[in-house]
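Each chain, written out:
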Amino acid sequence: QQPVQSPQAVILREGEDAVINCSSSKALYSVHWYRQKHGEAPVFLMILLKGGEQKGHEKISASFNEKKQQSSLYLTASQLSYSGTYFCGTLDKGSGGGADGLTFGKGTHLIIQP
Amino acid sequence: EPEVTQTPSHQVTQMGQEVILRCVPISNHLYFYWYRQILGQKVEFLVSFYNNEISEKSEIFDDQFSVERPDGSNFTLKIRSTKLEDSAMYFCASSDLSSYNSPLHFGNGTRLTVT
């Protein structure tokens, strides 16, 4: 079952912050985040493995609340280059394990305006 | 940096024809995947492949679909009899370890158009 992402779309001015949420009805092994620009392949951002884990590089970070089966992606002081569609991908504990594919949410469209 | 490469970049075929989409995963990767994305929609899982066999497949991956790793470097997706609804972007991905803790590296995709 696919994770649910919110919001579906966000329009920001350059320099503003955004939070994108991803929630699952199933217990999760891990959560991945990817960004896809129009006409391109999804590009990996980060993986969260453990409940409570937080990761980040530069101004993009994420957290994983394992108990709530939720993850959030935080973009601070957004730049024009952050525009794109953000997907969370989950590997749930009902799956066969690590050789299984990720299930992606429907994506959040992020538009950064100058 | 090593890349996943896919060919062709665009394939146009008539309904009922067979197509083969080709992928060369990153050389030391062990896990391979096919995903598809209908225009403007989410990325949908089709199949995962590990140790020369299918690990998992989705409901989309019916008898019309098959995958092969014929020669240790290529990873192919075959659609036997294409339907209009098969029109989509098909992405191949690979990872060195399992998707539990390893990122998926996607190719640039093959846009399949079925007329």
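In what follows, the accompanying structure is described. (Residues numbered from 1 in each chain as written. Chains lettered and ligands numbered in written order. Predicted model: local features only at pLDDT ≥ 70, side-chain atom pairs only at ≥ 80, totals over all residues. Heavy atoms only, no water.)

As a further point, take the environment of Asn101(B). Along the chain, Asn101(B) falls in the loop between β9 (88–95) and β10 (105–106). Beyond its immediate stretch of four places on either side in the chain, Asn101(B) contacts Ile47(A) and Leu49(A). (Helix = DSSP H or I, 4+ residues; strand = E, 2+ residues; numbered from the N terminus. Contact = heavy atoms within 4.5 Å.)

A few words on the interface of chain A and chain B. Taken residue by residue, the interface counts 22 residues in chain A and 23 residues in chain B. The contact between chain A and chain B buries some 1,800 Å² in all, and 60% of this surface belongs to carbon and sulfur atoms. Across the contact surface, chain A and chain B share zero salt bridges. Across the chain A-chain B interface, the total number found is five residue pairs in polar contact (both at pLDDT 80 or more). Broken down by secondary-structure element, the contributors of at least two residues to the side of chain A that touches chain B are β4 (28–36), β5 (43–48) and β9 (84–92) of chain A. With five residues, β4(A) is the largest single contributor of residues to the side of chain A that touches chain B. Along the lines of polarity and charge, the residues of the side of chain A that touches chain B split into twelve nonpolar, seven polar and three charged. (Buried area = accessible area lost by both parts, 1.4 Å probe. Salt bridge = Lys/Arg side-chain N within 4 Å of Asp/Glu carboxyl O. Polar contact = N/O pair within 3.5 Å; in protein donor to acceptor, adjacent residues only side chain to side chain. Nonpolar A, V, L, I, M, F, W, Y, C, P; charged D, E, K, R; others polar.)

The next point concerns the pattern of salt bridges. All names here are of chain B. Taken as a whole and judged by the stated rule, the model has two salt bridges over all chains. For the salt bridge of Glu44 with Arg36, the shortest nitrogen-to-oxygen distance reads 3.2 Å. For Arg36, a relative accessible area of 10% corresponds to the buried category. (Buried < 20%, exposed > 50% of the residue type's maximum accessible area, 1.4 Å probe, protein only.)

Let us look at the packing of aromatic side chains. The final tally for this structure, using the stated rule, is 15 aromatic pairs over all chains. With 6.5 Å between their ring centres and 40 degrees between their planes, Tyr33(B) and Tyr35(B) make a pair best called tilted. The same class applies to Tyr33(B) and to Tyr35(B), which are both buried. Among the aromatic residues, those joined into a ring-pair cluster are Tyr34(A), Phe44(A), Phe87(A), Phe104(A), Tyr33(B), Tyr35(B), Phe45(B), Phe91(B) and Phe106(B). (Phe/Tyr/Trp six-rings, centres within 6.5 Å; stacked < 30°, edge-to-face > 60°.)

A separate point is the side chain of Ser24(A). By secondary structure assignment, the location of Ser24(A) is in the loop between β3 (18–23) and β4. Within polar-contact distance, the side chain of Ser24(A) engages the backbone nitrogen of Lys26(A) at 3.0 Å.

All names here are of chain B. Read across the open sheet, the four strands follow the order β1-β3-β8-β7; overall the sheet is antiparallel. Two strands close off the open sheet at either side, each with one partner strand: β1 (5–7) and β7 (65–68). Each strand of the sheet is rotated relative to its neighbour by a mean of 20 degrees, with strand direction disregarded. (Pairing = 2+ DSSP bridges. Axes fitted to C-alpha atoms, helices over the stretch in contact; angles between N-to-C directions.)

Within the structure shown, the criterion is met by two disulfides over all chains. Note on cysteine connectivity: Cys22(A) is disulfide-linked to Cys88(A), with sulfurs 2.0 Å apart. Torsion about the S-S bond of the Cys22(A) and Cys88(A) cystine: about 75 degrees, corresponding to right-handed handedness. Linking Cys22(A) in strand β3 with Cys88(A) in strand β9, this pair joins segments that are 66 residues apart in sequence. With respect to class, Cys22(A) is no different from Cys88(A); both count as buried. At a sulfur-sulfur separation of 2.0 Å, the disulfide partner of Cys23(B) is Cys92(B). (Disulfide = S-S within 2.5 Å.)

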